[in-house]
Amino acid sequence: MWRGGAWIGLEDLMVERRRRGVRTALVGEALRVALAARERTDPGAGLDIVDLGGGTGGFAVPLAVEGHRVTVVDPSPDALASLERRARDEGVSELVRGVQGDAAELLGLTGESTADAVLCHGVLEVVDDPVQALQAMASVLREGGVLSLLVAQRNAVVLARALAGHLAEARIALQDPDGRWGATDPMPRRFDEAGIAAQLADAGFMVHTVHGVRTFADLVPSAFVDSEPGAAESLAELERAASQHPAFRALATQLHILATR
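Note that the structure is predicted; figures quoted are calculated from it, not measured. (Residues numbered from 1 in each chain as written. Predicted model: local features only at pLDDT ≥ 70, side-chain atom pairs only at ≥ 80, totals over all residues. Heavy atoms only, no water.)

S.K.: With reference to specific residues and values, describe the overall build of the protein chain.
M.R.: Helix and strand counts for the protein chain stand at eleven helices and nine strands. Across the 261 residues in the protein chain, those meeting the buried criterion constitute 43%. Surface exposure of the protein chain reaches about 12800 Å², of which carbon and sulfur atoms provide 55%. (Helix = DSSP H or I, 4+ residues; strand = E, 2+ residues; numbered from the N terminus. Buried < 20%, exposed > 50% of the residue type's maximum accessible area, 1.4 Å probe, protein only. Areas by Shrake-Rupley, 256 points an atom, 1.4 Å probe, with all protein chains shown as cover.)

Dropping the structure here:
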């Protein structure tokens, strides 16, 4: 399969999907706990959720299946077309709405104080202005609303570049304000826990939980996971156990933060 300017073999694709599955499972578990707490204010009615950059509906459609009303804001018309097909296949078209746009347009597209929850997974790294984006998300949420934020973490790329033998790039990423390892780094910015917590506080959010995501999944050799019976399940359990441990959380590829307005 051709992706991002490179050829990805079937084995690599399967590894990528397994790693994505670990991430999705951990984030989904934490998110559902937070949504259940929010739902107690109006049991059985379902929540109004905005998924910023939600693409093809990997989170949006399952949430709609659970009875929530989800608006996906995404700049890609192709992704929104796939979202529509996925929602139709699951029989939840009436609960899922796709809107073309980005973080800068969020407030105008969804309205002020219209959402019980906002999902922002892998988006804050690429927006033009993260501070403005967080402020827009705060404005969209109702009082007490939940923000599910997933961001790339600086520490992980420093470790990854060092383990790959790119020591100069590791040092650059450690010192660069945006956590980038060089001019050809495809990621516009990465965060550390203290920095993103401060930005959330400035935008009016209160952080409740922080989980590390993909602490080990990107480091354990795929050959081992593939060949050893039960290794994939053990890896998932190890990820779950380490996700809230501060020392290991600091090494995770991503941070999943749950906050309220």
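Next comes the rest of the account.
S.K.: Describe the packing of helix α6 (residues 154-163) against helix α7 (residues 167-175), and please don't skip the residues or the numbers.
M.R.: Contact geometry for α6 and α7: axes closest at 7 Å, N-to-C directions at 170 degrees. It follows that α6 is roughly antiparallel to α7 by the angle criterion. Handedness of the α6/α7 crossing: left-handed. Facing α6, whose interface residues are Arg154, Val157, Val158, Arg161 and Ala162, α7 presents Leu167, Glu169, Ala170, Ala173, Leu174 and Gln175. Taken together, the residues of the contact of α6 with α7 sort by class into seven nonpolar, one polar and three charged. (Axes fitted to C-alpha atoms, helices over the stretch in contact; angles between N-to-C directions. Parallel < 35°, antiparallel > 145°, perpendicular 65-115°, else oblique. Left-handed = near helix turned anticlockwise from the far one by under 90°. Contact = heavy atoms within 4.5 Å. Nonpolar A, V, L, I, M, F, W, Y, C, P; charged D, E, K, R; others polar.)

S.K.: Any details on the pattern of salt bridges? Residues and values, ideally.
M.R.: Scanning the entire structure with this criterion turns up eleven salt bridges. Its salt-bridge partner being Asp218, residue Arg214 comes within 2.7 Å of it at the nearest N-O pair. Exposure remark for Asp218: the relative accessible area of 28% places this residue in the partly exposed category. (Salt bridge = Lys/Arg side-chain N within 4 Å of Asp/Glu carboxyl O.)

S.K.: So what's going on with the nonpolar core? Which residues, and what values?
M.R.: The biggest cluster of nonpolar side chains holds 31 residues, and the ones touching the most others in it are Leu124, Met137, Leu147, Leu149 and Phe205. Of all the secondary-structure elements, those providing two or more residues to this core are β3 (48-52), β6 (115-121), α5 (130-140), β7 (141-152), α8 (193-202) and β9 (254-260). The biggest single contributor to this core is α5, with six residues. In contact with Leu149, other than residues within four places in its own chain, are Cys120, His121, Leu124, Leu134, Ile196, Leu200, Leu255, His256 and Ile257. With 25 residues, the next largest nonpolar core counts Val61, Val70, Ala87 and Val213 among its residues. (Core = buried A, V, L, I, M, F, W, Y, C linked by side-chain atoms within 4.5 Å.)

S.K.: Describe the sheet that holds strand β5 (residues 96-100), listing the residues and the values that go with them.
M.R.: With mixed pairing, the seven strands of this open sheet are ordered in space as β5-β4-β3-β6-β7-β9-β8. Strands at the two margins of the open sheet, each flanked by one partner only, are β5 and β8 (206-213). On average, adjacent strands in this sheet sit at an angle of 15 degrees to one another, irrespective of strand direction. When β8 meets β9, the two strands line up antiparallel, connected through seven bridges. When the sheet's bridge partners are listed, Val213 is paired in β9 with Gln254. (Pairing = 2+ DSSP bridges.)

S.K.: Which residues make up unusual backbone geometry, and what values do they have?
M.R.: In this model, Ser113 sits at a positive phi of 55 degrees, which is unusual for a non-glycine residue. Along the polypeptide, Ser113 turns up in the loop between α4 (106-110) and β6. We note that Arg214 has phi near 65 degrees; this positive angle belongs to a residue other than glycine. For Arg214, the location among the structural elements is in the loop between β8 and α9 (222-227).

S.K.: Quick rundown of the environment of Ala156? Include the residues and the values.
M.R.: In this fold, Ala156 is placed in helix α6. Looking at Ala156, the relative accessible area reads 12%, which means it is buried. For the pair Ala156 and Ala170, spaced 14 residues apart in the sequence, the C-alpha separation amounts to 9.8 Å. In this structure Ala156 touches Leu251, Ala252 and Thr253, once residues within four positions along its chain are discounted.

S.K.: An account of the pairing of β3 is requested, with residue identities and associated values reported.
M.R.: Each regular strand displays side chains that alternate between the two surfaces of the sheet. Of all five residues in β3, five are buried, a share of seventy percent or more. Burial along β3 is two-sided: the residues Asp48, Val50 and Leu52 and Ile49 and Asp51 are all buried. In this sheet, strand β4 (residues 69-74) lies alongside β3 in parallel orientation, the contact comprising five bridges. Note on β4: the bridge partner recorded for Asp48 is Arg69.

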